[in-house]
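# Remarks on the overall topology
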Amino acid sequence: MKTKNNIFGLECDPAIRHNYIDRISPWVDDVPSPKGMPESSYISSNLDTKKIRYFILFAFLILTALFGRIFYLQIMQGNEYRIAAEENRVRIKEIKAPRGLIYDRDGHVLAHNIANFSLFFTPADLPDQAIEKNTIIKELASILSIQEQEIANVFNQAPPHSFQQILLADHVPYEKALQLQIAAANFSGISIEATTFREYTVGSFFSPILGYMGKITEDEVKKYPHYALDDYLGKSGIELTYEKFLHGESGKKEIEVDSRGKENKIISEQAPINGNNLYLTVDPLLQNTLASLLKKTVTSSKTITGAAAVAIDPRNGEVLALVTTPTYDSNAFTKGLSQEEYDQLLNDNRKPLINRAVSGEYPSGSTIKPLLALAALQEGIITPTTTVVSSGGIRVGQWFFPDWKSGGHGVTNVTKALAESVNTFFYAIGGGYEKIEGLGIDRIKRYLELFNLNAPLGIDIPSEASGFLPSKAWKEDTKNEKWYIGDTYHLSIGQGDLLVTPLQVTSYMATIANGGTLYKPHLVAKMTNSSGTTLQTFAGGIIRDSFIDAAHIKIVRNALREVVISGSGRVMADLPFTVAGKTGTAQFGNEGKSHAWFTCFAPFENPEIALTVLIEQGGEGNVTALPIAHEALRTWFSEK
């Protein structure tokens, strides 16, 4: 029986096995010669199993890291990368809402929106290559006629990966806009778009009321977080106070863009909501008449530095006119002032940026005397028949306090004192003299504060001043001096440290006119939507009423009528309606200069208007301020 052996685990005849080994031995180095090889041996391999295990472990680690990275990108960060990729194709673009319009009392447009072309760029869409970017800069600078560095600076300051459009140039002329449109077609990240900007139709006469608009600042973005970085908003006047009503709500459209950021098609669109419209209480005829008269007065004089006028409806506190001169043009700010132009306005000695009507503070002169008379009547210091003999002034110790009329006015009661502005009478009721006790500084201050002096009235435009009422404590703290009787005498005729605004004087004259109700003045009458539907009406409201007896107000009203009949306001007597008023000459400084005042109301029987005119360094009130009030009232009532 033959012996069997295995080849690769298979049983075979030994002869066959030997023959097979002999045949493969030339190719297998580690196979021994068949003659000396034991029959139980196997063919061995030259592969190292340890190295194989290392190779498999290394491959496993690589695959694990690869799959881990894929998991992180697709699962953990998948949404972020998906959005980023989508933004390269689909974007949300803001549609600016048209700003609400502003009208005057008669429905004439004062502020509206007109077509405008603006140049934008999208930082993420700008070319990465410096050569391509410089080509864009050169072309845009050439068309806009500006320095290349200006554009380069804006590009460099922008977040490089932002898809937010950034304004590069505004108010681009139509011809240049056409050139830019052609150029933008070949440039990535550049677009020229039709927008709107604010235009004021009435020149500078309404500027102190309307204010102006400007580009939003970083600080304002914090206040208005829903505004875009290229938005404009109100900076002063009505534009600022009623910003939230005028601004509207922006719309948006979802667009598909190409690789250069150019719009291919609109996917969806949400229309903007227009801003609301405002109707002012201001009468255009009265506003323009006063503005023209004041401007002529100021520009024709070498000494007069400025002027202001305020008119209020005493029945409700509506502001009929509010004028200041010199002033600025709102359109200049909207279109964009250079730093040099702004500095010129800021440093102008005539102070055109100050709204004198609400922010200017001046000594009141004799216009304060009606309030002293009311306080003295209310406190029982005097009666309608109380008299003082005016002989040219009063002497207290070594001090002499003069009347304005040499030799005095003779026997004077409260009516004559107001009609002829007799200082002696008001010295007596203010500080006391002979048998008259006098109000004293504390009571004077308390009554003047009842008419809202020393505090803003709350008119609906910014920067209203509060005026100033001196007191004993103030003088001791500020000047390190005690309060003297002379200080009370000066205050009683509207001199010394007392300061008032033209708005405050008009307000207390309106309060006397209507019988004792102090209204909060306001400039906006109503608000409508873009379709004309009234959304809200505005009323200033009552600050204070019934704080002076009606009988005392009647006495002072009659005395103010006497000013026009027989006193310093006789120029008003030729008008075809009845007027009551008070002149004022307010001295200031040490050079004998004075501001001119005239304040009045009309018609006397049923007042429809209270009007105040102030002329800075205008001299006597009846000479410069009164004629302006006369002409303004004549023009206004003749048209009515």
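Everything numeric in this text was worked out from a predicted model, so none of it was measured. (Residues numbered from 1 in each chain as written. Predicted model: local features only at pLDDT ≥ 70, side-chain atom pairs only at ≥ 80, totals over all residues. Heavy atoms only, no water.)

### Re the pairing of strand 12 (residues 277-280)
This is how the line gets drawn: By definition, two strands form a pair when at least two bridges between them are found by DSSP. To qualify as a helix, a DSSP run of H or I must reach at least 4 residues; to qualify as a strand, a run of E must reach at least 2; elements of each kind are numbered from the N terminus.
Where strand 4 (residues 102-103) meets strand 12, 2 bridges bridge the pair, whose relative direction is parallel. Residue Ile102 lies in a different strand from strand 12, and its bridge partner there is Leu278. Where strand 12 and strand 20 (residues 524-528) come together, 4 bridges link them in antiparallel fashion. Bridge pairing links Asn277 to Thr528 in strand 20.

### Side note on the environment of Leu453
We apply this condition: Contact criterion: two residues are considered in contact whenever any of their non-hydrogen atoms come within 4.5 Å of each other.
Relative to the helices and strands, Leu453 resides in the loop between helix 18 (440-450) and helix 19 (472-478). In this structure the C-alpha to C-alpha distance between Leu453 and Tyr508, which are 55 residues apart in sequence, comes to 9.0 Å. Leu453 has contacts with Ile368, Leu371, Leu448, Ser466, Leu469, Val500, Gln504 and Tyr508, leaving out every residue within four places of it along the chain.

### Description of the sheet that holds strand 23 (residues 580-588)
Two strands in a sheet stick together by hydrogen bonds in their backbones, pointing the same way (parallel) or opposite ways (antiparallel). Defined as follows: Under this scheme, a helix contributes an axis fitted over its contacting stretch, all axes are lines through C-alpha atoms, and angles between N-to-C directions fall in the 0 to 180 degree range.
Strands sit in the order 14-13-25-24-23 across an open sheet of 5 strands; the sheet is antiparallel. Two strands in the sheet have a free side with no partner beyond their single neighbour: strand 14 (319-325) and strand 23. Pairwise comparison of adjacent strand axes, ignoring direction, gives a mean angle of 10° for this sheet. Here strand 23 pairs with strand 24 (residues 593-602) via 9 bridges, running antiparallel.

### Some words on the side chain of Asn277
Basically, it comes down to this: Pairing of N or O atoms within 3.5 Å defines a polar contact, subject to two protein rules: one partner must be a possible hydrogen donor and the other a possible acceptor, and residues neighboring in sequence count only if both atoms are side-chain atoms.
Mapped onto the secondary structure, Asn277 falls in strand 12. A polar side-chain atom of Asn277 sits 3.4 Å from the main-chain carbonyl oxygen of Asn529.

### Let's talk about the confidence of the model for the chain
Predicted coordinates in areas of low pLDDT are best not read in detail. So the rule is basically this: The score called pLDDT rates the predictor's confidence residue by residue, from a low of 0 to a high of 100.
In this model, the chain carries a mean pLDDT of 88, and residues with pLDDT of at least 70 account for 90%. Note on residues 24-31: pLDDT under 50 across the span, and 5 contacts to partners over four residues away in sequence or across chains. Here residues 39-44 scores under 50 on pLDDT; set against residues more than four positions off or in separate chains, the count is 9 contacts.

### Quick notes on the sheet that holds strand 10 (residues 251-257)
One open sheet holds the 3 strands; their spatial order is 3-10-11, and the pairing between them is antiparallel. Each of the sheet's edge strands pairs with one partner strand only, and the pair in question is strand 3 (90-95) and strand 11 (263-270). The average undirected angle you get between the axes of adjacent strands in this sheet is 30°. Of the pairings in the sheet, the one linking strand 10 to strand 11 comprises 6 bridges and is antiparallel in character. Looking at the pairing, Glu256 lines up with Lys265 of strand 11.

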